[in-house]
Amino acid sequence: ARSRLRRISGARKALLRSLVTSLFQYGRITTTEQGQRTSPRRRQDDHPAKRGDLHARRQAEAYIMDKAVTKKLFDEIAKNYTERNGGYTRIVKVEARLGDNAPQVIIALVD
């Protein structure tokens, strides 16, 4: 059974869209280590920007919440991954969060 992150579908989709937008905006994000939270996001960040056509840009704009981030994705980030066939992100485990001891990970774009 696939985990639903204990959210209704709209809130779950918004959470994943927000994670992907933040990842492309800042290059790395820190979030809790739930396989459910990181694995669906990994499927979403395959780069349509590598194609670079209008259809790919419109698909990205439909998913990414900020048009400036979409522009950055197509103009700057995609150039770094033209020769790469996959593996655009890296997940590194870090220390647990102080408040509730939740395990944390850093998700970063591979340079």
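Residues numbered from 1 in each chain as written. Predicted model: local features only at pLDDT ≥ 70, side-chain atom pairs only at ≥ 80, totals over all residues. Heavy atoms only, no water.

J.: Whenever I open this one, the nonpolar core confuses me. Can you help?
T.: Inside soluble globular proteins, nonpolar side chains tend to come together where they are buried. If you look at the biggest cluster of nonpolar residues, it comprises 21 residues, and the most contacted ones within it are Phe 24, Ile 64, Leu 73, Phe 74, Ile 77 and Leu 109. Per element, the largest residue contribution to this core is six residues, and it comes from helix 1 (residues 9-26). (Core = buried A, V, L, I, M, F, W, Y, C linked by side-chain atoms within 4.5 Å. Buried < 20%, exposed > 50% of the residue type's maximum accessible area, 1.4 Å probe, protein only. Helix = DSSP H or I, 4+ residues; strand = E, 2+ residues; numbered from the N terminus.)

J.: Explanation requested: the side chain of Thr 21 in the structure shown.
T.: Residue position: Thr 21 is located in helix 1. By relative accessible area, which is 6% here, Thr 21 ends up buried. One polar contact links the side chain of Thr 21 to the main-chain carbonyl oxygen of Arg 17, over a distance of 2.8 Å. Not counting residues within four places of it along the chain, the set of residues in contact with Thr 21 comprises Ile 64, Met 65, Asp 66 and Val 69. (Polar contact = N/O pair within 3.5 Å; in protein donor to acceptor, adjacent residues only side chain to side chain. Contact = heavy atoms within 4.5 Å.)

J.: What exactly am I supposed to notice about the sheet that holds strand 1 (residues 28-32) here?
T.: Strand pairing in a sheet is mediated by backbone hydrogen bonds. Such pairs are either parallel or antiparallel. The three strands are arranged 1-3-2 in an open sheet whose pairing can be described as antiparallel. The sheet is open, and its two borders are formed by strand 1 and strand 2 (89-94), each paired with just one other strand. Direction aside, neighbouring strands of the sheet carry axes that sit 25° apart on average. Relative to strand 3 (residues 104-109), strand 2 runs antiparallel, the two being bridged by six bridges. When the sheet's bridge partners are listed, Thr 89 is paired in strand 3 with Leu 109. (Pairing = 2+ DSSP bridges. Axes fitted to C-alpha atoms, helices over the stretch in contact; angles between N-to-C directions.)

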